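Breakdown of the fold
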Amino acid sequence: MRRDAREWSIPDPLRALLWWPPVSLAIGIVAPDAAVVAIIVAGFVLALAGVLVHTVGTRLRRRPAPQVTQASEPAELDAAA
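Residues numbered from 1 in each chain as written. Predicted model: local features only at pLDDT ≥ 70, side-chain atom pairs only at ≥ 80, totals over all residues. Heavy atoms only, no water.

Okay, the environment of Pro 11 next. Secondary-structure assignment places Pro 11 in the segment before α1 (12-17). In this structure Pro 11 comes out as partly exposed when scored by relative accessible area, which is 38%. Along the backbone, Pro 11 and Val 51 are 40 residues apart, and their C-alpha atoms lie at a distance of 9.3 Å. (Helix = DSSP H or I, 4+ residues; strand = E, 2+ residues; numbered from the N terminus. Buried < 20%, exposed > 50% of the residue type's maximum accessible area, 1.4 Å probe, protein only.)

Shown next as structure tokens:
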């Protein structure tokens, strides 16, 4: 049986949203009158942060393809050496 090349992990946007319950609790304790709006805003900010982290990480992991040049004639190989 073939093993998976990469083990599954929680995607970055969802991982950021895992912080929403503790952040919501802290907001509710600190500012109970404005908790509803602040909790909604915190959720959007955490989701946006997760998407941005995922996008930046994907772009940083991308590597450019190596430039390979081929000599068309053997004389070019001798001149290069």
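Next comes the rest of the account.
At a closest axis distance of 9 Å, the pairing of helix α2 (residues 20-30) and helix α3 (residues 35-61) adopts a crossing angle of 150°. Our classification of the angle between α2 and α3 gives roughly antiparallel. For the pair α2 and α3, the crossing hand works out as right-handed. The segment α2 lies against α3, with Trp 20, Val 23, Ser 24, Ile 27 and Gly 28 engaging Ala 35, Ala 38, Ile 39, Ala 42, Gly 43 and Leu 46. (Axes fitted to C-alpha atoms, helices over the stretch in contact; angles between N-to-C directions. Parallel < 35°, antiparallel > 145°, perpendicular 65-115°, else oblique. Left-handed = near helix turned anticlockwise from the far one by under 90°. Contact = heavy atoms within 4.5 Å.)

This paragraph deals with a nonpolar patch on the surface. Together, Val 36, Val 37, Ile 40, Val 41, Phe 44 and Val 45 make up a nonpolar patch on the protein surface, roughly 610 Å² of accessible area in all. Considering the arrangement of structural elements, one finds Ile 40 in helix α3. Judged by its relative accessible area of 44%, Ile 40 is partly exposed. (Patch = residues over 30% accessible without salt bridge, like charges linked within 9 Å, V, L, I, M, F, W, Y side chains within 5 Å. Areas by Shrake-Rupley, 256 points an atom, 1.4 Å probe, with all protein chains shown as cover. Salt bridge = Lys/Arg side-chain N within 4 Å of Asp/Glu carboxyl O.)

With that settled, the discussion passes to the environment of Ile 27. Mapping Ile 27 onto the fold places it in helix α2. For the pair Ile 27 and Ala 42, spaced 15 residues apart in sequence, the C-alpha separation works out to 9.0 Å. Ignoring anything within four residues of it in the chain, the contact list for Ile 27 reads Pro 32, Ala 35, Ala 38, Ile 39 and Ala 42.

This next bit is on the environment of Val 36. Among the structural elements, Val 36 can be located in helix α3. Judged by relative accessible area, which is 61%, Val 36 ranks as exposed. Between the C-alpha atoms of Val 36 and Ser 24, which are twelve residues apart in sequence, the distance is 9.0 Å.

Our focus in this paragraph is α3. In a regular helix each residue adds 1.5 Å, so 27 residues correspond to 39 Å; α3 covers 38 Å between its end C-alpha atoms and thus fits that length. Ala 35, Ala 42, Gly 43, Leu 46, Gly 50 and Gly 57 are the residues of α3 that are buried. The inward-facing, buried residues of α3 abut α1 and α2. (Expected span 1.5 Å × (residues − 1).)

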